[in-house]
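The lines below spell out each chain.
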Amino acid sequence: MSAGSEAAQPEAIVTNGEGATTTEKDPSTNGDAKDEQLLENARRQVEFYFADSNLPFDKFMWTLHTANAEHWVPIKTITSFKRMREYAEKGPEFILRALRESTELEVDEKGENLRRRTEVAPPKGQFERSVYAKGFGNEEPGMLMKLEEFFEAYGKVNAVRMRRMDGSKEFKGSVFVEFADMSSVEAFLNADPKPTWNGEELLTMSKGAYCDMKIKEKGLTGRAAELRKEKINRKGFNAFRDMEDTSRGKANGKKKEKPEVYLEFMGSKIRVYEDDDNVGYVKVEDLPIIKGATLKFIGCGGDASFTEMKAPLRERFARVPYIQFSKGDDHGLVGFDKALTEDEIAYVKENLKTVNSKEVEWTIPDEEEERAFQIDRANFAARSALSRSQLRNGSSSRGGRGGGRGGGRGGGRGGRQNGRGGDSHKDKAKSKEKDISPSKPAGEEQAGEKRKRAIEPDGGPDVGVRGASVPTIAVAKKVKTDES
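Because the structure is a prediction, the values reported are computed rather than measured.

## Considerations on the pattern of salt bridges
The tally for this structure, following the rule as stated, stands at 19 salt bridges. For Lys-353, the salt bridge goes to Glu-350, with nearest N and O atoms at 3.5 Å. By sharing partners, the salt bridges in this structure join Glu-70, Glu-106 and Arg-115 into a single network.

Spelled out as structure tokens, the structure:
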């Protein structure tokens, strides 16, 4: 029973089996207990922002931490984070009271800034202390807090990272969880009965076992398998890695400059930018949104074959159209490199009457759907263009082939997306709304994915590559490309 419900009900006292009297609980005592819990929660939340398991892997927090030589961070900035709003509403004095009780953080004399009491150190055994769990269904309000409480039943938790679909950011129903010690990992993985969520048994394994499973599914061996495992393990911003790279560059005398990359998209030359995960993207304001260059098919019965669809289209259109389809959907989109004429629309309807052996209806999508689709197309082409450029120039990151590391931290308590601290400071980066994430190419078949995103490559090559210094990357929304 919650504290609130206890305060609302009287406590029954039975004497000598005769009758009953009631006494009301002291509401002030209950209120004090609630405030103490809030103080502890606020302190723990801020301590997590500055913890070794989060600070060096959260670019915004690291930027704040390194903004001055003494590492003081404005308290007002921290309390503006989404996960701190509940506590900030209690007022500045409440926040200061919580922070001054911390043994890990210190507050300056004016009560305006705070910092760690110790130097940041690389967390040891982070990979070994992490587990994978799947079967949490669709996202609900307060999902992260429920997940944190769920896993804390097995031991101390450093981070719960909700994994999301690339592009749509839809929750995959799976998480990576970093425990504080191996005994907690063992308690979770060896739990009897097995952990369940809403009455359904979860799929659970160590993060290492998850990596091995994905490698086996893709048939990777040798160096390719090693790179794949490293890609899963080393996603997102990493201050220690960046410092190593900087140190290595200084040792070599100079830092190699990355080239600018451009792509030809629907008749325009567009600059490709690179996010913190080495994934290419474009800015919406740079795109030529072409009306009438998209057709929508409905009635395919949840499946579609690109090979079958492309055959008749190749005979009429010089560039093979871009096809986007989600496994299980009854519809999909086909994008062309120019606005279609009435004759061209009629040709498609006449020569592509069926998809997946089912008769389909062809329609013209509304303006907003077409715009979002073209942004998706451009970002996919940008991702491919940057990947080719990296391979050609030998500058692909540790993620190996396929366009760099390929994804953010996937969210954690205080991490990239939906963590303790979650989107909080990333809300500030929503001004980068124009930098829409690309959809993930999935091909026609991908083993192990419950919901598959199938995208036919646009085919536009990148051009105009020339050497130039890379502009400073502003705080931005991360692109995450984890496998399901």
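## Brief notes about unusual backbone geometry
In this chain, Asp-192 is followed by Pro-193 through a cis amide linkage whose omega measures 5 degrees. Topologically, Pro-193 is positioned in the loop between helix H8 (182-189) and strand S9 (196-197). With a phi angle near 65 degrees, His-71 is a residue other than glycine that sits in the positive phi range. In this structure, His-71 sits in the loop between helix H3 (59-65) and strand S3 (73-74). Since its relative accessible area comes to 24%, His-71 is described here as partly exposed. At Asn-198, a position not held by glycine, the phi torsion is positive, near 55 degrees. Structurally, the position occupied by Asn-198 is in the loop between S9 and strand S10 (200-201). Residue classification places Asn-198 among the exposed residues on the basis of a relative accessible area of 66%.

## Some points on the pairing of strand S15 (residues 294-298)
With 4 of its 5 residues buried, S15 lies for the most part within the structure. Here 5 bridges tie S15 to strand S17 (residues 331-335), and the two strands are oriented antiparallel to one another. Across the sheet, Phe-297 pairs through a bridge with Gly-332, a residue of S17. As paired strands, S15 and strand S20 (residues 361-363) are joined by 3 bridges and run antiparallel to one another. For Ile-298, the partnering residue across the bridge sits in S20 and is Glu-361.

## Overview of the environment of Val-157
Inspection of the secondary structure puts Val-157 in strand S7 (residues 157-164). Its relative accessible area of 6% is what places Val-157 among the buried residues. Each C-alpha atom of the pair Val-157 and Ser-184 lies 8.4 Å from the other, and the pair is 27 residues apart in sequence.

## A word on the nonpolar core
In this structure, Val-46, Phe-50, Met-61, Ile-78, Phe-81 and Leu-114 are the most contacted members of the largest nonpolar core, which totals 30 residues. Counting residues per element, the ones that place at least two in this core are helix H2 (27-49), H3, helix H4 (75-79), helix H6 (92-100), strand S4 (105-107) and helix H11 (239-251). Counting 20 residues, the second largest nonpolar core, distinct from the first, contains Cys-300, Met-309, Val-355 and Trp-362.

## Quick word on helix H9 (residues 207-217)
The α-helix winds at 3.6 residues per turn, so residues separated by three or four positions along the chain end up facing the same way. The set of residues buried in H9 consists of Lys-207, Gly-208, Tyr-210, Cys-211, Lys-214 and Ile-215. Summarising the axial view, the buried residues of H9 lie within an arc of 160 degrees, below the 170-degree limit, and thus occupy one face. Of the residues trailing H9, Gly-219 is marked for its positive phi of about 65 degrees.

## Things to note about the confidence of the model for the protein chain
Averaged over every residue, the pLDDT of the protein chain is 76; the share at 70 or more is 70%. Of the regions scoring below 50 in pLDDT, residues 1-25 engages in 17 contacts with residues more than four places distant in sequence or in other chains.

## A short note on the side chain of Glu-370
Mapped onto the secondary structure, Glu-370 falls in helix H14 (residues 367-393). Buried within the structure, Glu-370 lacks any salt-bridge partner; its nearest side chain of opposite charge belongs to Arg-377, at an N-O separation of 7.1 Å. Looking at Glu-370, its side chain comes within polar contact range of the side chain of Thr-294, at 3.0 Å. Glu-370 has contacts with Ile-290, Lys-291, Gly-292, Ala-293, Thr-294 and Pro-365, leaving out every residue within four places of it along the chain.

Calculation criteria
- Residues numbered from 1 in each chain as written.
- Predicted model: local features only at pLDDT ≥ 70, side-chain atom pairs only at ≥ 80, totals over all residues.
- Heavy atoms only, no water.
- Salt bridge = Lys/Arg side-chain N within 4 Å of Asp/Glu carboxyl O.
- Helix = DSSP H or I, 4+ residues; strand = E, 2+ residues; numbered from the N terminus.
- Buried < 20%, exposed > 50% of the residue type's maximum accessible area, 1.4 Å probe, protein only.
- Pairing = 2+ DSSP bridges.
- Core = buried A, V, L, I, M, F, W, Y, C linked by side-chain atoms within 4.5 Å.
- Arc of directions from axis to C-beta.
- pLDDT = per-residue confidence, 0-100.
- Contact = heavy atoms within 4.5 Å.
- Lys, Arg positive; Asp, Glu negative; His and termini not counted.
- Polar contact = N/O pair within 3.5 Å; in protein donor to acceptor, adjacent residues only side chain to side chain.

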